[in-house]
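One letter stands for each residue in the lines below.
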Amino acid sequence: MSNQGDLVTPSPAPPIPTGPPPKVPNRGRAAAPTASSNADTSDVPEFEFFGTPRGLPPLTEFLDIWDVNMVSGLEETNKKLHHTKFYYSDQLIVRRGQEFQIKVTFNRPFKPAEDKFALEFLMGPSPQYSKGTYIPVFPTAERQSSWAGRIIDSSENIITMGVTPLATCIVGKYHMFVAVVTPYGIRRTRQDDHRDVYILFNPWVAEDAVFLDDDKEREECVLTEMGIIYHGTYDDVAERDWNYGQFNYGVLDACLYIMDKSEMPLTNRADPVKVARKASAMLNSRDDEGVLVGSWSGDYAYGVPPTSWTGSTDILLAYASSKMPVRYAQCWVYAAVFNTFLRCLGIPSRVVTNFFSAHDNDGNLKTDIILDENGRIDINRTRDSVWNYHCWNECFMSRPDLPAGFGGWQAVDATPQETSDGMYRCGPASVQAIKHGEICYPFDAAFVFAEVNSDVVFYSRRKDGTLDPVKVNHSHIGRMVLTKAPGAMTRRDITEQYKFPEGSKEERTVLEKAEEFGCRREKSSLPVADVDVLVPTLEINLGDDFELSVEFVNRSDEQRTVDAYISGSVVYYTGVSSSEFLFRTPSVKIGPNKSVKEEMMIESRKYMKHLVEQANLNFIVTGKVKETGHIVSTMKVVALRNPKLKVEVSGPGKVNEEMVVSVEFTNPFTFSLEDVYIRMEGPGIMQPKSKYYSLIPGGSTLLWTEYFIPQRAGTTRMIAVLDCAALRHVHGQASLTIKP
């Protein structure tokens, strides 16, 4: 025992706990945790007593439930009318704002004057009527809840009940119970997973926020599984087939798991704006253990190379089963999987590709390229990059949070580029707001605006470190925006939806408006050089030698001399340089109103050993005109063309009849290809399959034959991809029509 008056001496502080901190509980802040898991369930009693129970009362004289028919067959009314018959699921999948049917069999005929029953729809761990997670649906007009109910038909003991979910109800999976009121309490059916109901967004109903009043566009952006993603370069566009697979088995549950993983409150899942924004963060793994790990490094030893995927199904199922991010992705993979997520939940969506997309690192409307005093690019000081192309998504929805006119297509992007409100995500940003320069509106309109509207500004760096603008290219960025055309396997140019024509009065007005919101532009009035530099479009096969011709055109009446720098580099599609394989410094003399060509042979051995994935070569020509001091420049990206896979399918095809597909590839090089993977799949005809080849010697041919049984009638494609470290983006496809 201590004595009163003794001095207390300090002790060493306890050590700080190690390891990750525990999750902060809700205790003290809320009476109960926020319901944020669709997978969690609550205990619903089979018999809920009125008052204090004194044993189970006799219930034989009251209405009893013998059977519940969810009317969930593929050819039954519900899935046909709700456009959900393509989902590979035996459970009932319907869309909100539209009536669906459930048949209940009682032990005797239903007596409206005496009997009382209801269908109960519950979601999450603590269902509440006020939160929209507990909804009773009554059969009588005198008593209705937020979801309308009515008796469509009564035949002997069977009641056909019509249920119309609110067009603003929560999207997800509901547990369904039939409840009968007795004098002693409420009798319910047991919980049965086969009676779960999935309710999706409904672009066919005008009251839904995702309503799209265009049959052809709606068919494409909700129900089409086969997609085309555009890549390559502005003047040499390439296509890549992708199986979105939004109807495949397990994909819908995987999409709901993504929202559960994000701990998104169930009440927020009624709003497509909130769902799209949350998903744009969850599709990447940068800060929330989301679906995909991005990598542009070329080293994919711990996962699947981005160029090897053929569809979204494998990715989503792997994430849902492992609960871990899937490796690896780049922009088109993020956009494709995001598209699957949106279409699966019923939000109309499409993948778009922006050619020459600005990735601006300092928040202005300028992509800065730094030159030294002689006109040569200073690679070490040039930080902004121009992606050859960049893919993102558009989703269609109303925007009640914005002024009228800014609903419709919204840009969303899951590729982790910059943070938005502290997380790597982007959008939804109104495409109309972007086009008209209203970049103050949420979310991230300014970022997308810069991707399609930045200027490329060349600066000359003096020895004292100061920068002088010497040339501005107003039209290089956002040269073309493409998406797949509805109902066709062709492309659609939607550039005019993002920007007005270059140099138009409307464009100048929009840029001035963007400046009012804080965007900075280079407004220096710079003299225009009277010498042009031209590099023609080149179509080169991978591994070929080719001739590069650079033409200098003198538009003046006097002789001009250009001290030029011609650089050739291997670049990633993000515009980041990997290795320089060509550097020339010619001094070019050009007569008045004449042109001079500098020609050089590019040998494949010089660039092949430096190649990175997607095989892009970037030629940059800069220089200074001696007589005037003007800077001249041009850039040309050459996407080397890869060999193709030959895909052939036996035909004609019929549902449930076996067919054969063969994939053939010949190695066109003198060297061997090692650790080669081939993947193949087709919407409605084949689930993803793969083969591994340890070695394909130069000049040799492989032939892979696979049997498959089509499950669905219609026109589709079989797509295949070959991938290895030395050769990426090799693919092929075969179109086929399956008869019923």
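Structural data are supplied above this passage.
In this text, all values refer to a predicted model and were calculated from it rather than measured experimentally.

What is the right way to look at helix 3 (residues 251-261) in this model?
Since one α-helical turn is 3.6 residues long, residues separated by three or four positions face the same way. Among the eleven residues of helix 3, nine are classified as buried, and the element is accordingly described as predominantly covered. Inspection of helix 3 places V251, L252, A254, C255, L256, Y257, I258, M259 and D260 among the buried residues, and these make up the whole buried set. Where the residues of helix 3 are buried, they touch strand 3 (92-95), strand 9 (172-181), strand 11 (197-200), helix 4 (272-282), helix 5 (313-322) and helix 6 (331-345). A positive backbone phi angle near 60 degrees is found at E263, which sits one or two residues after helix 3.

Help me understand the environment of L702, please; the structure alone is not making it clear to me.
When you line up the elements, L702 lands in strand 40 (residues 701-708). Taking the C-alpha atoms as reference points, L702 and K173, 529 residues apart in sequence, are found 46 Å from one another. Leaving out residues up to four positions away in the same chain, L702 has contacts with V663, E664, F665, I678, Y693, I696 and L722.

Explain the sheet that holds strand 19 (residues 408-413) to me, please; I cannot follow it from the model alone.
Adjacent strands of a sheet form backbone hydrogen bonds with each other and so pair up, either parallel or antiparallel. Read from one edge of the open sheet, six strands run 22-19-18-16-25-26, paired in antiparallel fashion. Edge positions in the sheet fall to strand 22 (426-430) and strand 26 (491-493), since each has one partner strand and no second. Each adjacent strand pair in this sheet contributes to an overall mean axis angle of 30 degrees, direction not counted. Where strand 16 (residues 349-359) and strand 18 (residues 385-397) come together, ten bridges link them in antiparallel fashion. Paired with H359 across the strands is S385, a residue of strand 18. Against the sheet, helix 2 (residues 215-223) contacts strand 16, strand 19, strand 25 (480-484) and strand 26, and its axis sits at roughly 80 degrees relative to strand 16. Contacts from helix 6 reach strand 16, strand 18 and strand 19 within the one sheet, and its direction differs from that of strand 18 by about 5 degrees.

Teacher, can you tell me more about the pattern of salt bridges here?
Working definition: two side chains of opposite charge can pair if their charged atoms are close together. Summed over all chains, the structure comprises 34 salt bridges. With a shortest N-O distance of 2.9 Å, K484 and E220 are connected by a salt bridge. Here K484, found in strand 25, pairs with E220, found in helix 2; they are 264 residues apart in sequence, far enough to count as distant. Of the two residues, K484 and E220, both sit in the buried class. A salt bridge links K513 to E438; the shortest N-O distance between them is 3.1 Å. You can see K513 sitting in helix 9 (residues 505-516) and its partner E438 sitting in the loop between helix 7 (431-435) and helix 8 (445-453), a full 75 residues away along the chain. Residue classification places E438 among the buried positions, given a relative accessible area of 17%. Here the residues in one salt-bridge network are E217, R350, E394 and R492, joined through shared partners.

The rules behind each value
- Residues numbered from 1 in each chain as written.
- Predicted model: local features only at pLDDT ≥ 70, side-chain atom pairs only at ≥ 80, totals over all residues.
- Heavy atoms only, no water.
- Buried < 20%, exposed > 50% of the residue type's maximum accessible area, 1.4 Å probe, protein only.
- Helix = DSSP H or I, 4+ residues; strand = E, 2+ residues; numbered from the N terminus.
- Contact = heavy atoms within 4.5 Å.
- Pairing = 2+ DSSP bridges.
- Axes fitted to C-alpha atoms, helices over the stretch in contact; angles between N-to-C directions.
- Salt bridge = Lys/Arg side-chain N within 4 Å of Asp/Glu carboxyl O.

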